[in-house]
Amino acid sequence: MNYKLIASISISLLMARWRQTLVAAIGVTFSITMFVGLLSFMSGLNDMLDGLILNRTAHIRLYKEIKPSKQQPIDISNEFKNYHNFIRSVKPKNERLELYDAAGIMNALKNDERVVGVVPKVTTQVFYNVGALDINGIIDGIDAAEESRLFQFKDYVVDGNYLDLKNTPNSIILGKGVAEKMMVQLGDVIVVTTSKGEQISLKVVGLFQSGIRDIDIVQSYCSLNTTQRLLGESSTYITDIQVKLKDVSLAPLIAKEYENVFHLDALDIQTANAQFETGSFIRTLISYSVGITLLIVAGFGIYNILNMMIYEKMDSIAILKATGFSGKDVNAIFILIASTIGIVGGIFGLAFGLGLSVIIDHVPFNTASLPAIKTYPINYNPKIYLIGLSFSIVTTYFAGYFPARRASKIDPVIIIRGK
Amino acid sequence: MSNVILKTEQISKYFHDPISVKVLKDISFEILKGEFISVIGKSGCGKSTLLYILSTMDTDYEGALWIEGENMGNKNEAELARVRNEKIGFVFQFHYLLNEFSVLKNVMLPGLKLGNISEKEIEHNAFEKLKLLGIEKEALKKPNQLSGGEKQRVAIARALINNPMIIMADEPTGNLDKKNSEIVFNIFQELSSLYNQSLLIVTHDNEFANRTNRIIEMEDGKIIKM
Ligand SMILES: Nc1ncnc2c1ncn2[C@@H]1O[C@H](COP(=O)(O)OP(=O)(O)OP(=O)(O)O)[C@@H](O)[C@H]1O
Ligand SMILES: [Mg+2]
C-alpha cells in the first residue's frame, strides 16, 4: 500500500471539511483534558487522604491485647469436644502490656529483609491538669528521629521543632486541641498526672496536629525515656513495635507470620484501615467512568463527521475505486482520518490536561485539619496520560472503523449509474 | 492471437430487483489491439451494464471475461482494482473529478496509486497528457473552476496517465455541446491513429459511431451486429 498517497488523500479530505474536523477534534481534546484533569485530581486526593492515615501508620503494629483466653474451660471438656461451644467464663487476667524481650524482637525484625524500619513505642494514659480540671489524654513515647524518618512525624509538628523532644529533657509535644484547651504555648510548662497518680511537669517544645480532631484533643508525644519514667518503668519497657515494610501489600501476610513467631498481636495496615481502601477504590472508579463516558461521547462525534464525510464523498470514493483504488485503500483513508482526529485531539487533550492539573495544583487549599497541604493535591502520574492517549486512540479507531468499512464496501457501479 | 486484448465468453447478467430480468444475453466478442470501437443501441439495451462488467467493476455476471489472457473471474477485489488501475482507462458521461485536488493532481492520482515511477515523473507525464489535450494552462485550477468540456478532457487525461491497454468510455460526449463533442471525438481519433490506442466507446451519436473503425450494435441485451 502506498502510505504517502493514502495520507495525502486523507489530509485533502480532512482539509475540505476542516471546520467539522476541528469540532470533532475539539470534542476529543475536551474529553481527554477532563479525563486527565479529573484523574490527576482524584488520585492526588486519594494519595492525600491515604497519606492522612496510611503514611504515618505502621504497616504492622505488634502489641499485646488484653483479651480472654482462647481456651475456655468447656473446650477442654471431652464431653463437648465436637460441639460448637459458646459458653465463655474465664475473664481476661490482669496482664502487663509490656512486650517481653522487645529489644530481641526488634533486632530480629531489623534483620528481616522485607522490613524498612522498626520503631518502638510506649503508650500510656494520663491526665492533663488545667487548673482544678483533669483532661483525659494519651501520651506516646517515641523516638522522634526514627518516627519522622519512617512515619513523617515531623510533618504534623506545626509549631516548634520535633527534635527538641529528644534534646530537651522532660519535654512534650502537645496535641493542638489539648494545647488550646490548656491555653498553653511553646515554652510553657504543664503538669500531667500519671496512671500511678504521680504528678510530673513537662516543658512544651512543640504542637502537633494530625488533622483528625478526635486525636488532636487527646494525643501528645514524649520521648521514650520520659514516658517510661511517667510509667515508673525501666528503659526496656516497650508496649508497641511499629514496622514499616518495603511492600505494604504484604502486610497482612507478614503480620500473620509475626503473630505466630513472636506470640504477640499483629495488626496490619489494611485491616486497620479497610474503609480507606474502599474510599480510594470508589473515587478511582467514578473518575474513570466519567472520563470514559466523555470519550465515548467524543467517539460519537467522530463517527458522525466521518459518516457525513463519506456520504458527501460517495462520488469521490466511487471514482477512486473506478480508477484502481481497492476497498482496503479506501478503508485505510478513512481510518487514517479518524485516527488523525483522535491522535491530534488526544495529544492536545493531554497538554491541556497537564495545564488543568497545574492550575488545580496552584489553587490554594488551606484547611486547618491538613497542615502539610497548601494547594489542591494533584498526582502527575504518567500512567494517567498513557491511559488517556490509549483510550482516545482506541475510541477513535472504533468510531472510524464502521464508517470506513462502509466506505470500502461502496459499489462504484451503483454510484456511477445513479447519476 | 496475441493481438486479442479483451475477450468475453457467453456473458449474461441478471437484475433481480424488482423482478428477475436477464439484461445481457450470452455476449461473446473480442477486441484486438489498436481497435477503435463504438457500441450503439437503443436506450436500455444494456450498453452501460456491459461496460461495467468489461471494466471489472461489476463482478456479478455469468460467463467469462479475459483481459490479456487472464480470466477476471479468478481475481479478488484488490487484484481487480489493480487491473483497472494498470490496464483500463475509464471516462464517464459525468466527469467525476475530485474537487479537493488540483486538475494536475487529479490526473496524477491513478499514476501515484500504480507507483511504478517516481512522483516527479508522474507529474511530468500528467502535464504531458494535459498538453496533449490542450488544457495544460488549467493544470493548477480546481476541477470546479473548469467548463464541462474542459472537465471531460481532464478525465480523458486521467484515463491516459498509466498508458492503459484500453480506454472505455460511457457516453463521454453525452453532456457536451456539438463543438466540445467534436473536440473529444478528435482526441479519441488522434489517440487511435497516432498512438494505436485501443478504445471502446458507448455512444448514442450515430455520426460519431460511423467514424470509428468498428461498430458493435446491441438490442435487448444481445449483440446484433459487430
Ligand atoms: N440496478 C438495476 N436494477 C434493475 N434493473 C436495472 C438496474 N440497472 C439497470 N437496469 C436495467 O437494465 C437494463 C440495461 O440498462 P443499461 O443502463 O445498461 O442501459 P443502457 O443501454 O446503458 O441505456 P442508456 O443508453 O439509456 O444509457 C435496463 O432495462 C435497465 O432498466
Ligand atoms: Mg447507459
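The sections below set out a description of the structure shown in this document. The residue numbers shown here count from 1 along each chain, following its written sequence. For naming, the first written chain is A and the first written ligand is 1, with later ones following in the order written. Reporting of local features is limited, given that this is a predicted model, to residues whose pLDDT is at least 70; pairs of side-chain atoms are given and counted only at 80 or more, and all residues count toward the totals for whole chains, interfaces and linings. Hydrogens and water are ignored here; the side-chain numbers use all heavy atoms of the structure.

Description of the overall build of chain A
Looking only at helices and strands, chain A has 16 helices and ten strands in total. Here the radius of gyration uses the C-alpha set of atoms, whereas the globule reference equals 2.2 Å times the residue count to the power 0.38. The C-alpha atoms of chain A give 33 Å as radius of gyration, which overshoots the globular expectation for 419 residues (22 Å, by more than 25%). When the backbone C-alpha atoms are referred to their principal axes, chain A occupies close to 105 × 65 × 35 Å. Under the scheme applied here, a residue whose accessible area is under 20% of the maximum for its type counts as buried, over 50% as exposed, and between as partly exposed, the area being computed with a 1.4 Å probe on protein chains only. Buried positions account for 47% of the 419 residues belonging to chain A. Taking as baseline every contact in chain A between residues at least 6 positions apart, the subset at least 24 positions apart corresponds to 75%. On chain A, roughly 21,300 Å² of surface is accessible, and the fraction owed to carbon and sulfur atoms is 61%. We count Lys and Arg on the positive side and Asp and Glu on the negative side, and we leave His and both chain ends out. Here the site of a charge means atom NZ of a Lys, CZ of an Arg, CG of an Asp or CD of a Glu. Between the centroid of the 39 positive side chains of chain A and the centroid of its 36 negative side chains there is a distance of 11 Å. Helix and strand definitions follow DSSP, with helices as H or I runs of at least four residues and strands as E runs of at least two, each counted in order from the N terminus. Only heavy atoms enter the contact rule, under which two residues are in contact if any of them lie within 4.5 Å. Accessible areas in this description were obtained via Shrake-Rupley with a 1.4 Å probe; residue shielding takes into account the shown protein chains only.

Some points on the pairing of strand β2 (residues 115–130) of chain A
All names here are of chain A. β2 sits mainly inside the fold: twelve of its 16 residues count as buried. Whether two strands pair comes down to DSSP finding at least two bridges between them. Of the strand pairs in this sheet, β2 and strand β9 (residues 240–245) are connected by six bridges, and their pairing is antiparallel. Looking at the pairing, Pro120 lines up with Ile241 of β9. As defined by bridge partners, β2 adjoins strand β6 (residues 189–194) across three bridges and the pair is classed as antiparallel. Bridge assignment links Phe127 to a residue of β6, and that residue is Thr193.

Examining the interface of chain A and chain B
You'll often see interface size given as the accessible area lost when the parts meet. Across the contact, 28 residues belong to chain A and 23 residues belong to chain B. Together chain A and chain B conceal approximately 2,300 Å² of surface at their shared face, both sides included; 64% is due to carbon and sulfur atoms. Three residues stand out in chain A for area buried against chain B, namely Ile319, Ile416 and Arg417 of chain A, and they jointly supply 23% of the buried area on that side. Salt bridge, as used here, is a side-chain nitrogen of Lys or Arg placed within 4 Å of a carboxyl oxygen of Asp or Glu. One can count three salt bridges joining chain A with chain B. Residue Asp329 of chain A pairs with Lys113 of chain B through a salt bridge whose shortest N-O separation is 2.6 Å. Nitrogen and oxygen atoms within 3.5 Å of one another constitute a polar contact, given that in protein one can donate a hydrogen and the other can accept it, and given that sequence-neighbouring residues count only through two side-chain atoms. If you look at where chain A meets chain B, you find nine residue pairs in polar contact (both at pLDDT 80 or more). Counting only elements with at least two residues in the side of chain A that touches chain B, the list comes to α1 (3–16), α13 (314–322), α14 (327–362) and α16 (412–418) of chain A. The greatest single-element share of the side of chain A that touches chain B, amounting to seven residues, is contributed by α1 of chain A. Among the residues forming the side of chain A that touches chain B, the class breakdown is twelve nonpolar, eight polar and eight charged. Defined here as a combined quantity, buried area equals the accessible surface (1.4 Å probe) lost by two parts on assembly, summed across both. Basically, the charged four are Asp, Glu, Lys and Arg, the nonpolar ten are Ala, Val, Leu, Ile, Met, Phe, Trp, Tyr, Cys and Pro, and anything else, Gly included, counts as polar.

A look at the packing of helix α12 (residues 274–312) of chain A against α14 of chain A
Residue and element names in this part refer to chain A. To obtain each axis, a line is fitted to C-alpha atoms, and for helices this fit is confined to the stretch in contact; angles are then taken between N-to-C directions over 0 to 180 degrees. Direction vectors running N to C along α12 and α14 enclose 145°, while the axes themselves pass 11 Å from each other. As α12 packs across α14, the resulting crossing turns out to be right-handed. On the side of α12, the interface is formed by Ile302, Leu306, Met309 and Ile310, while α14 contributes Phe334, Ile337, Ala338 and Ile341. Residues that form the contact of α12 with α14 fall into these classes: eight nonpolar, no polar and no charged. Handedness of each helix crossing follows the sense of rotation of the near helix against the far helix: counterclockwise by less than a right angle gives left-handed, clockwise gives right-handed.

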